Amino acid sequence: LVFFVLMGWTIYQGMQKSPDAFGTEMEAEFNTESMSLKKALIWLFVGLVFLIISSRVLVWGAVEIATVLGVSDLIIGLTVVAIGTSLPELASSLIAVKKGEHDIALGNVIGSNLFNTLAVVGIAGLIHPFAVPDEILTRDVAMMAGLTILLFIFGFGIGRQGRINRLEGGFFMLAFVSYTAYLISTIVT
C-alpha cells in the first residue's frame, strides 16, 4: 500500500514539473524511431522471458553456492544475489552519469531500493508470511538506515547543493566493501 501511494505521489510530482533535458531528448528519440505495437509487445515478452529465466538461474546458482560452502541463504542473498540483481542498475546508472543525467542515476538507486523494500518484500509477505531474523533488524536494516541517512546528509546537508562528491562516493564504496567483507568474515569464523 505504501508503495502504491509513493508511486502515485511521485508520478503526480513529476507531472507538475516542466520536462527536463533528458525527457525532451527521449521524446525526440521516440518520435524519430517508432516501433510497431506488435514488435514492441514481442520485445517486451522476450525481455520478460529472459528476465525470469536469468533470475531463476541466479537464485539456483546462489543456493548451490550456499549449500556447497555451508553458508546461510541470508548471507548469499546479501552478497551474491544482491550484486547480481544490482548489476543492471549499475550499468544504467553509469551510462546516465556519463551522459550527465545525474538525476537518473540517483533516481535509479533510490527507486530500486524503495521498490525492493516496499513492493518486493510486501508481495513476498502477501504470498507467504515469513519471520524476520534478529540479525536482519540489528545488523542489516540498521546499516541500510544509517547509510540512507548519510546519503541524505551528504546530498542535502547544511549549505550543500544536492551533490555527492568523489570523497563521499568513495566513502560509500568503502562502506559497501567493508560491509561485504564483514559478512564474508562471519562465514569464515
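Everything discussed here concerns the structure shown above.
First, a word on what this report is: a plain description of the structure on this page. (Residues numbered from 1 in each chain as written. Predicted model: local features only at pLDDT ≥ 70, side-chain atom pairs only at ≥ 80, totals over all residues. Heavy atoms only, no water.)

## Thoughts on the overall build of the protein chain
So, step 1. Across its full length, the protein chain carries 7 helices and 0 strands.
So, step 2. Ordered by position in the sequence, the α and β elements of the protein chain form the string α-α-α-α-α-α-α.
So, step 3. With 189 residues in all, the protein chain has 12% of them scored as buried.
So, step 4. Surface accessibility of the protein chain: about 14,600 Å² in total, with carbon and sulfur atoms responsible for 73%. (Helix = DSSP H or I, 4+ residues; strand = E, 2+ residues; numbered from the N terminus. Buried < 20%, exposed > 50% of the residue type's maximum accessible area, 1.4 Å probe, protein only. Areas by Shrake-Rupley, 256 points an atom, 1.4 Å probe, with all protein chains shown as cover.)

## Comments concerning the packing of helix α4 (residues 73-98) against helix α6 (residues 134-156)
So, step 1. One way to put it is that α4 packs onto α6 with a least axis distance of 12 Å and a crossing angle of 30 degrees. Considering the angle they form, α4 stands roughly parallel to α6. The hand of the α4/α6 crossing is right-handed. Where α4 abuts α6, its residues L74, I75 and L78 lie against E135, I136, R139 and D140.
So, step 2. Each residue belonging to the contact of α4 with α6 can be placed in one class, and the counts come to 4 nonpolar, no polar and 3 charged. (Axes fitted to C-alpha atoms, helices over the stretch in contact; angles between N-to-C directions. Parallel < 35°, antiparallel > 145°, perpendicular 65-115°, else oblique. Left-handed = near helix turned anticlockwise from the far one by under 90°. Contact = heavy atoms within 4.5 Å. Nonpolar A, V, L, I, M, F, W, Y, C, P; charged D, E, K, R; others polar.)

## Points about the pattern of salt bridges
So, step 1. Throughout the structure, instances matching the rule amount to 2 salt bridges.
So, step 2. Measuring nitrogen to oxygen at the nearest pair gives 3.7 Å for the salt bridge that ties R139 to E135. In this pair, R139 and E135 are both assigned in helix α6, 4 residues apart and thus about one turn of the helix distant.
So, step 3. The buried category is assigned to R139, whose relative accessible area is 15%.
So, step 4. Ionic pairing is found between R139 and D140, a salt bridge with its closest N-O pair at 2.7 Å. (Salt bridge = Lys/Arg side-chain N within 4 Å of Asp/Glu carboxyl O.)

## Quick word on the packing of aromatic side chains
So, step 1. A full pass over the atoms with the stated rule returns 5 aromatic pairs.
So, step 2. Residues F154 and F172 carry aromatic rings whose centres are separated by 5.5 Å and whose planes lie at 65 degrees to one another, so their mutual orientation is edge-to-face. Of the two residues, F154 sits in helix α6 while F172 sits in helix α7 (residues 166-188), which places them 18 residues apart along the sequence.
So, step 3. Geometrically, the ring pair formed by F171 and F172 is edge-to-face, given 5.8 Å between the ring centres and 65 degrees between the ring planes.
So, step 4. An aromatic cluster is defined as three or more aromatic residues linked by ring pairs; in this entry it consists of F3, F4 and F115. (Phe/Tyr/Trp six-rings, centres within 6.5 Å; stacked < 30°, edge-to-face > 60°.)

## Regarding the nonpolar core
So, step 1. Counting 7 residues, the largest nonpolar core is built from A62, A66, V71, I75, I76, Y179 and L183.
So, step 2. Secondary structure elements with two or more residues in this core: α3 (37-69), α4 and α7.
So, step 3. Residues within four places of L183 in sequence aside, it is in contact with I75, L78, T79, R139 and D140. (Core = buried A, V, L, I, M, F, W, Y, C linked by side-chain atoms within 4.5 Å.)

## What to know about α3
Residue pairs spaced three or four apart in an α-helix point in one direction, given the helix's 3.6 residues per turn.
So, step 1. With 33 residues, α3 should reach 48 Å at 1.5 Å per residue; the first-to-last C-alpha distance of 47 Å fits that figure.
So, step 2. Phi turns positive, to about 70 degrees, at G70, one or two residues after α3. (Expected span 1.5 Å × (residues − 1).)

## Concerning the side chain of S93
So, step 1. Summarising the element assignment, S93 is placed in helix α4.
So, step 2. With relative accessibility at 11%, the residue S93 sits in the buried group.

## Things to note about the packing of α4 against helix α5 (residues 102-127)
So, step 1. Running from amino to carboxyl end, α4 crosses α5 at an angle of 160 degrees, the nearest separation of the two axes being 7 Å. Looking at the two axes, α4 sits roughly antiparallel to α5. The way α4 lies across α5 gives a crossing that is left-handed. Where α4 approaches α5, its residues E89, S92, S93, A96 and V97 are matched on the opposing element by H102, I104, A105, N108, V109 and S112.
So, step 2. Here the contact of α4 with α5 is composed, by residue class, of 5 nonpolar, 5 polar and 1 charged.

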